[in-house]
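Listed below are the residues making up each chain.
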Amino acid sequence: MTDLSGLPPLREVIARHGLSASKALGQNFLLDPQLLDRIARVAGNLEGQRVYEVGPGPGGLTRALLRAGAQVTAVERDRRCLPALAELGEAAEGRLRVIEGDALEVDERAEAGDGAHIVANLPYNVGTVLLVRWLESEAWAPWWSSLSLMFQKEVAERIVARPGSDAYGRLAVLAQWRSSATIALNVHRSAFVPPPKVMSAVVHIEPREMPEGVNPAKLSQLTGAAFGQRRKMLRQSLKGTPDALDALATLGIAADRRPETLSVDEFVALARALS
Ligand code: SAM
């Protein structure tokens, strides 16, 4: 086992490498090793597992993933972090590979390999784009084993939302129709340096079996139309979606309902009828 216990504290690494947090890159660093270990544990037992980490920054979460026994591939956009990550790579004796680049451009499947767990504490906008990309994977089961991602609390709540709540919408249906999605951990804003304005939460997502006979593009079109006009009844919002009103009648879903009252299963049944 590699010895990571001799590493200097993260504060010292940040000071020595001049890693003042950049707002433009959405940098809010986590420094508490116990909290970082708890976040790493959200992904399950990582001993001997491959992990793809996006945005390692000075390497706090990376250290926790390595402590958990993972083999880590990490993508970081900020070059200033690379020397600090190289030091960590030395201590990890071959269990850390760092790629300099933009996570939105990287061929992540090729870099991380099938079956990798994805773990990240990312800026909100990048995180949501990547989440949607990972959830819309054409192949299912997808190439990744699980997602453990830090989001603003409000976004985390939209991902795990249940029907009838204000937070329920396209993102909830996308995250739940063939995966399970839970909030695994709430993280107080004061845990970050510098502290962001809002609270955060780690969402854990695992793929489930995909319902049969459903075209994912149809489901996406349907939720887009329904939630695009969320105050309107389905009769109105699905008017422009061919055959949707007939499908509602066949399935016994009342056309005067609003989209947030439909369960994920009802959206799936509708999409199947249109597929
Ligand atoms: N993982 C570290 C932690 O938990 O302390 C840093 C988290 S900080 C919120 C986000 C990190 O993502 C920063 O290091 C930032 O440079 C990096 N980042 C931002 N946009 C990125 C992108 N498009 N591709 C790769 N890394 C990115």
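Quick caveat: nothing in here was measured; it's all calculated off a predicted structure. (Residues numbered from 1 in each chain as written. Predicted model: local features only at pLDDT ≥ 70, side-chain atom pairs only at ≥ 80, totals over all residues. Heavy atoms only, no water.)

Trainee: What's the story with the packing of aromatic side chains in this structure? I'm lost.
Mentor: For any pair of aromatic rings, the description consists of the separation of the ring centres together with the inter-plane angle of the planes. Summed over all chains, the structure comprises three aromatic pairs. Here Y168 and F227 contribute two aromatic rings whose centre-to-centre distance is 5.9 Å and whose plane-to-plane angle is 85°, an arrangement assigned as edge-to-face. On the criterion of sequence distance, the pair formed by Y168 in the loop between α7 (153–160) and α8 (170–176) and F227 in helix α9 (residues 216–228) is long-range, its members being 59 residues apart. Accessibility assignment for this pair places Y168 and F227 in one class, buried. (Phe/Tyr/Trp six-rings, centres within 6.5 Å; stacked < 30°, edge-to-face > 60°. Helix = DSSP H or I, 4+ residues; strand = E, 2+ residues; numbered from the N terminus. Buried < 20%, exposed > 50% of the residue type's maximum accessible area, 1.4 Å probe, protein only.)

Trainee: What am I meant to see in the pattern of salt bridges here?
Mentor: Where charged atoms of side chains with opposite charge meet at close range, the side chains can pair. Within the structure shown, the criterion is met by 11 salt bridges. In this structure, R109 engages D114 in a salt bridge whose closest nitrogen and oxygen atoms are separated by 2.8 Å. A relative accessible area of 40% means that R109 is categorised as partly exposed. Between R257 and E266 there is a salt bridge; the shortest N-O distance is 2.9 Å. (Salt bridge = Lys/Arg side-chain N within 4 Å of Asp/Glu carboxyl O.)

Trainee: Help me understand the nonpolar core in this model?
Mentor: A general tendency of soluble globular proteins is for nonpolar side chains to be buried together. Judged by nonpolar contacts, the single largest core of 56 residues is most densely connected at L131, W134, W144, L147, I159, I205 and F267. Those residues in contact with L147, other than ones at most four positions away along the chain, are I118, L131, W134, L135, V203, H204 and I205. Within the second largest apolar cluster, 36 residues are counted, among which are V13, L30, L36 and A92. (Core = buried A, V, L, I, M, F, W, Y, C linked by side-chain atoms within 4.5 Å. Contact = heavy atoms within 4.5 Å.)

Trainee: How do you make sense of the pairing of strand β2 (residues 50–54) when you look at a structure like this?
Mentor: The side chains of a regular strand alternate, residue by residue, between the two faces of the sheet. In terms of burial, β2 is largely enclosed, as four of its five residues are buried. Pairing between β2 and strand β3 (residues 71–76): five bridges, direction parallel. Bridge pairing in β3 places R50 opposite Q71. In this view, the connection linking β2 to its parallel neighbour β3 by way of helix α3 (residues 60–67) has right-handed handedness. Here four bridges tie β2 to strand β5 (residues 117–121), and the two strands are oriented parallel to one another. (Pairing = 2+ DSSP bridges. Right-handed = clockwise from strand over helix to strand, strands pointing away.)

Trainee: Teacher, can you tell me more about the sheet that holds strand β4 (residues 96–100) here?
Mentor: The strands making up a sheet associate through backbone hydrogen bonding, with each pair oriented either parallel or antiparallel. Taken in spatial order, the seven strands make up an open sheet running β4-β3-β2-β5-β6-β9-β7, and their pairing is mixed. The sheet is open, and its two borders are formed by β4 and β7 (179–187), each paired with just one other strand. Shown here is a sheet whose adjacent strand axes are inclined to one another by a mean of 20°, direction ignored. Packing against the sheet, helix α2 (residues 33–42) makes contact with β6 (146–152), β7 and β9 (200–207), and its axis sits at approximately 175° to β7. Running over the sheet, helix α4 (residues 82–91) touches β3 and β4 and is turned about 165° from β4. (Axes fitted to C-alpha atoms, helices over the stretch in contact; angles between N-to-C directions.)

Trainee: Would you take a moment to explain the site of the ligand for this structure?
Mentor: For the ligand, the set of nearby residues contains 21 residues, the closest of which are G55, E76, D102, A103 and N121. Contact between the ligand and L30: an oxygen atom at 2.9 Å from a main-chain N or O atom of the residue. Residue R77 places a main-chain N or O atom 3.5 Å away from a nitrogen atom belonging to the ligand. Taking 590 Å² as the accessible area of the ligand by itself, protein coverage stands at 99%. Sorting the residues of the shell around the ligand by element identifies β1 (29–30) and β3 as the ones contributing at least two each. In terms of residue class, the shell around the ligand is built from nine nonpolar, seven polar and five charged. (Near = heavy atom within 4 Å. Polar contact = N/O pair within 3.5 Å; in protein donor to acceptor, adjacent residues only side chain to side chain. Areas by Shrake-Rupley, 256 points an atom, 1.4 Å probe, with all protein chains shown as cover. Nonpolar A, V, L, I, M, F, W, Y, C, P; charged D, E, K, R; others polar.)

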